[in-house]
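The chain contents come next:
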Amino acid sequence: LAALRDSGHLPDLNARRGRRLPLIVFAAAAELWEVVRFLLGVKEVSPSTLLQAPEAALAPLDVIRLAEERGQMTATLEPSESLGCYFERLFHGQLLGPELAPAGWKYENHSWSCSGAGPCVLDCMLRMGDALP
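Here the structure is a predicted model, which is why all the values come from computation and not from measurement.

S.K.: When you look at the pattern of salt bridges in this model, what are you seeing that I'm missing?
M.R.: Two side chains with opposite charge may pair up if their charged atoms get near one another. Evaluated as defined, the whole model comprises two salt bridges. For R37, the salt bridge identified is with E34, shortest N-O distance 2.9 Å. With R37 and E34 both in helix α3 (residues 33-40) and three residues apart, the pair spans about one turn of that helix. D62 is the salt-bridge partner of R37, the closest N and O atoms lying 2.8 Å from each other. In this pair, R37 is assigned in helix α3 and D62 in helix α5 (residues 61-75), connecting sequence segments 25 residues apart. With a relative accessible area of 25%, R37 lands in the partly exposed category. One salt-bridge network, held together by shared partners, links E34, R37 and D62.

S.K.: Looking at this structure, I do not really get the side chain of T49. What am I missing?
M.R.: In this fold, T49 is placed in helix α4 (residues 47-51). On the basis of relative accessible area, T49 is assigned to the buried category, the value being 15%. T49 has contacts with N14, P22, I24 and V25, leaving out every residue within four places of it along the chain.

S.K.: Honestly, the environment of L1 in this entry has me stumped. Any pointers?
M.R.: Following the sequence through the fold, L1 ends up in the segment before α1 (2-7). As a C-alpha pair, L1 and V42 span 41 residues in sequence and 8.7 Å in three-dimensional space. Excluding residues that lie within four positions of it along the chain, L1 makes contacts with L10, L13, F38, L39 and V42.

S.K.: What's the story with α3 in this structure? I'm lost.
M.R.: Turn by turn, an α-helix covers 3.6 residues, leaving residues three or four places apart pointing in a common direction. Turning to α3, its buried residues are W33, V36, L39 and L40. Viewed along the axis of α3, the buried residues span an arc of 120 degrees, placing them on a single side of the element. Counted as exposed and oriented over 90 degrees from the buried face of α3: E34 and F38.

S.K.: Sorry, what's going on with the nonpolar core here?
M.R.: Membership of the largest hydrophobic core comes to 18 residues, with the highest contact counts inside it found for I24, W33, V36, L40, V45, L50 and V63. With near-sequence residues (within four places) excluded, I24 lies in contact with V36, L39, L40, V45, T49 and L50. In this structure, L83, F87, A101 and W112 belong to the second largest nonpolar core, which totals six residues.

About the criteria used
Residue positions are counted from 1 within each chain, in the order its sequence is given. Per-residue local features are limited, in this predicted model, to residues with pLDDT of at least 70; the limit for side-chain atom pairs, both in listing and counting, is 80 or more; totals at the level of whole chains, interfaces and linings are taken over all residues. Note that the side-chain values use all heavy atoms of the structure and ignore hydrogens as well as water. The term salt bridge refers to a side-chain nitrogen of Lys or Arg lying within 4 Å of a carboxyl oxygen of Asp or Glu. Secondary structure elements follow DSSP: runs of H or I no shorter than four residues count as helices, runs of E no shorter than two count as strands, and numbering proceeds from the N terminus. Only protein chains enter the calculation, and the probe is 1.4 Å; a residue is then buried if its accessible area is under 20% of its type maximum, exposed if over 50%, and partly exposed in between. The contact rule is simple, with two residues in contact once any of their heavy atoms fall within 4.5 Å. The directions considered for the arc are those from the helix axis to the C-beta atoms. Buried residues of nine kinds, namely Ala, Val, Leu, Ile, Met, Phe, Trp, Tyr and Cys, make up a nonpolar core once their side-chain atoms join them within 4.5 Å.

Shown next, in the form of structure tokens:
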């Protein structure tokens, strides 16, 4: 996943593709619980995708609890007021996904862009911040 994310080719992991289930739901349907646990730790995967699926009935209790906890972590957060606030929250260890970005901003190809012809901001600068003088 990191390689796909870094290359800008990470698809929407929560989307249905025709008859194909979202990745986490597919893993639950196949009862691949280690894969489901792993995916619940990926910020691009929404726990509600699993919790709302009928396949959640197959899941062990610890997987359901993990999904609920992750869902509560993201549900209690409000979208950021600005992109700077978003990066600051991310830097302080909050689990944030694109849905918590400020209004008008979207993440695509390793950068944040504002709706319309607005500016682009590279996401990698946050991770490189410690190395810069």
